[in-house]
Amino acid sequence: MEAKDKNKFVKMWGEHISLLHLVVALIVNISAVLIVLLATINLSKDYRLLIGLGALVIALIVNSSLFRPKRNVVTK
Amino acid sequence: MEWMLLLQIVIFAVLGGLIYLIIGIIPGTDETSVLVPATVLLFAFNLPPLVVLSFFIGAMVSLNVTDSIPTALTSIPGGVMATPMIESSTFLKERGLVTQTIRRMTSGAIYGTFIGLIVGVLVVGIVKLIEFATGTMIEQAISGYQHWVFLAGAIFLAFMSKKKIISLLAIVPFGLAVYLAKLASSTISATPFFLAITAGPLLFQLVTMLIPKLRSESTVEGDKQIVIEKDQKFGRKEFVDSMKAKSTKVTILSSFISSFLFFLSPVGVTMLVGETATQRIKDEETQALTKVSVMNAVASATYMSGIIVSLFAFGFAISPAAAGPGGAFFNPDNNFLASIKFGPAIAVLIFAMLVALFIAATLAFKYAGRLTYLVFKYIPQEAVISLLIGLAFLLVYLDSGFIGVLIISGVALFAGFLNRLGVGHGILFMSFYTALYMITFGLLPIA
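Residues numbered from 1 in each chain as written. Chains lettered and ligands numbered in written order. Predicted model: local features only at pLDDT ≥ 70, side-chain atom pairs only at ≥ 80, totals over all residues. Heavy atoms only, no water.

Draft legend 1. Inspection of the overall build of chain B at higher detail. Broken down by element type, chain B carries 20 helices and 2 strands. For a compact globule of 447 residues, the expected C-alpha radius of gyration is about 22 Å, and chain B comes in at 21 Å, within 12% of that figure. Judged by the C-alpha coordinates and their principal axes, chain B covers about 60 × 60 × 45 Å. The buried share of chain B, taken over its 447 residues, is 60%. Looking at chain B as shown, the accessible area adds up to about 18,200 Å², and 69% of this sits on carbon and sulfur atoms. The averaged location of the 22 negative side-chain charges in chain B is 6 Å from the averaged location of its 27 positive side-chain charges. (Helix = DSSP H or I, 4+ residues; strand = E, 2+ residues; numbered from the N terminus. Rg over C-alpha atoms; globule rule 2.2 N^0.38 Å. Buried < 20%, exposed > 50% of the residue type's maximum accessible area, 1.4 Å probe, protein only. Areas by Shrake-Rupley, 256 points an atom, 1.4 Å probe, with all protein chains shown as cover. Lys, Arg positive; Asp, Glu negative; His and termini not counted. Charge placed at Lys NZ, Arg CZ, Asp CG, Glu CD.)

Take a look at the structure:
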């Protein structure tokens, strides 16, 4: 779909977003959380929260390095 | 032992201030989803209650200072609380007044935080005095009538809002949605509903992107062009100038008044008081500069007084700021309220507030441009949106399992839909509370 035309984005809350990238990022995040939740099923809720947050931080780093921000930032 | 505790309080105030300084700048981060996990975690690992309080206050104060920075620099709000400032910020940016805007916003936040503290303590004093004089506890006096209090709040907010009729009409259906959700799974606690209300608009917009027509309507071409003004020199003189601007009196007065409106939603109060207080100013530039200062002050003030009054006067979350972001403090499992005394707790609160204000305001005054540049250059919005959805998913799943996630997603979509129609967050919060108390009192039977 949109992926063919690399310069077409959608505007959400004033930011430009590639829907393809967003879908991939969502899959990365949700699967990270799911894997962690399933793997820690025997642990207490608190540890699951801690590990889940860790997984989300890693997902944030992964997503940030996979995709470039659709912003052209210049300082003047 | 004592020293250990003091050391922890200091470290966690600094940590909260520093971490949430960056989170504040990241666009679109919603206060409830970013503050709840950290506080829940600190409680879970049995940190002393005062240490958790220190972290939370540091984080909250810092967040309120910095979420306005990207708004001033780029017209993109750093969080939900900064959205009312977009219009004035855009206007000022076109006039090339970005540096002044940030300085007015930051000085506003400083005044607001202090006044929120003062009024908060004042209200605690008044409540305790009334309790002492009449011999009845406020909490017991209104106990049993909470749903009426919140219903009245919802109706009041609806009348104050721009879309009065649709807001009034939304109160009952949203309450019913909450009731249906509780009927389907009675174990869902309050926090998932809060996440549903605050993250609802985001989820709703994601879903509307599935409709080709709506998607093509919001299609844009190429990268977003963002010009960030370079940071200017900031010394003692500039600090004094920022704190002594013409708008200072209006800022202080507005913060004072809105601190008493702690039971209303902070975004709603920010909008309402910010617009009303600056209506009469003729010169557009002065008006916009006063508005950003007032709005940032009001946001900080209502947050601060809401937390203090909820913690120390009522012992339950009477303000949306306390119920949402501060939710963990009122969770009976954490036993927070029973394990603190007013004196030490307020001392820790003031200390953490001062630490965070010092860190956040110094960096905002001096390096706002550079900080925003780094965040905007390296953190793609796709990663932020998916992080927020991931956070909500994790929190709701741990609260009430997969069924809970499904139900809350439905409530969130409904909340997002109503929000799109013009129904404010505050009204939805009040409607949720009304339903929740009606369930608690058996007026809406579950089971």
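Draft legend 2. The sheet that holds strand S1 (residues 219-221) of chain B, seen in detail. What the 3 strands build is an open sheet, ordered S2(A)-S1(A)-S1(B); its pairing is antiparallel. Of all the strands in the sheet, the pair left with one neighbour each is strand S2 (15-17) of chain A together with S1 of chain B. Each neighbouring strand pair of the sheet contributes to a mean axis angle of 50°, computed without reference to strand direction. Both strand S1 (residues 8-12) of chain A and S1 of chain B contribute to a ladder of 3 bridges, which runs antiparallel. Within S1 of chain B, the position partnered with Lys8 of chain A by the bridge is Glu221 of chain B. (Pairing = 2+ DSSP bridges. Axes fitted to C-alpha atoms, helices over the stretch in contact; angles between N-to-C directions.)

Draft legend 3. The packing of aromatic side chains, seen in detail. Residues and elements named next belong to chain B. If you walk through the whole model with that rule in mind, you get 26 aromatic pairs over all chains. Judged by centre distance (4.4 Å) and plane angle (10°), the rings of Phe234 and Phe365 are stacked. Placement of the pair is Phe234 in the loop between strand S2 (224-228) and helix H12 (236-243) and Phe365 in helix H18 (residues 342-378), with a sequence separation of 131 residues. We note that Phe234, like Phe365, is buried. (Phe/Tyr/Trp six-rings, centres within 6.5 Å; stacked < 30°, edge-to-face > 60°.)

Draft legend 4. Quick peek at the interface of chain A and chain B. If you look at the interface, chain A gives 46 residues, while chain B gives 49 residues. Interface area, chain A with chain B, both sides summed: about 4,900 Å², of which 70% is carbon and sulfur. In terms of surface lost to chain B, no three residues of chain A exceed Trp13, Arg71 and Val73 of chain A, which account for 14% of the buried area on that side. Between Glu382 of chain B and Lys70 of chain A there is a salt bridge, and its shortest N-O distance comes to 3.0 Å. In this structure, the connection of chain A to chain B is made through 14 residue pairs in polar contact (both at pLDDT 80 or more). Going through the elements one at a time, S1, S2, helix H1 (19-39), helix H2 (45-66) and strand S3 (71-75) of chain A are the ones with two or more residues in the side of chain A that touches chain B. Looking at the side of chain A that touches chain B, the element that brings in the most residues is H2 of chain A, giving 12 residues. Tallied by class, residues from the side of chain A that touches chain B come to 24 nonpolar, 11 polar and 11 charged. (Contact = heavy atoms within 4.5 Å. Buried area = accessible area lost by both parts, 1.4 Å probe. Salt bridge = Lys/Arg side-chain N within 4 Å of Asp/Glu carboxyl O. Polar contact = N/O pair within 3.5 Å; in protein donor to acceptor, adjacent residues only side chain to side chain. Nonpolar A, V, L, I, M, F, W, Y, C, P; charged D, E, K, R; others polar.)

Draft legend 5. Region of interest: the environment of Asn42 of chain A. With respect to the element layout, Asn42 of chain A can be found in the loop between H1 and H2. Note: C-alpha distance between Asn42 of chain A and Ala55 of chain A (13 residues apart in sequence) is 17 Å.

Draft legend 6. Structural detail: the environment of Pro69 of chain A. One can find Pro69 of chain A in the loop between H2 and S3. Beyond its immediate stretch of four places on either side in the chain, Pro69 of chain A contacts Phe376, Lys377, Tyr378, Ile379 and Pro380 of chain B.

Draft legend 7. View of the pairing of S2 of chain B. Here S2 of chain B shows one buried face, formed by Lys224, Ile226 and Ile228 of chain B, and one open face, formed by Gln225 and Val227 of chain B. Where S3 of chain A and S2 of chain B come together, 5 bridges link them in parallel fashion. Its bridge partner being in S2 of chain B, Val74 of chain A is matched across the sheet by Val227 of chain B.

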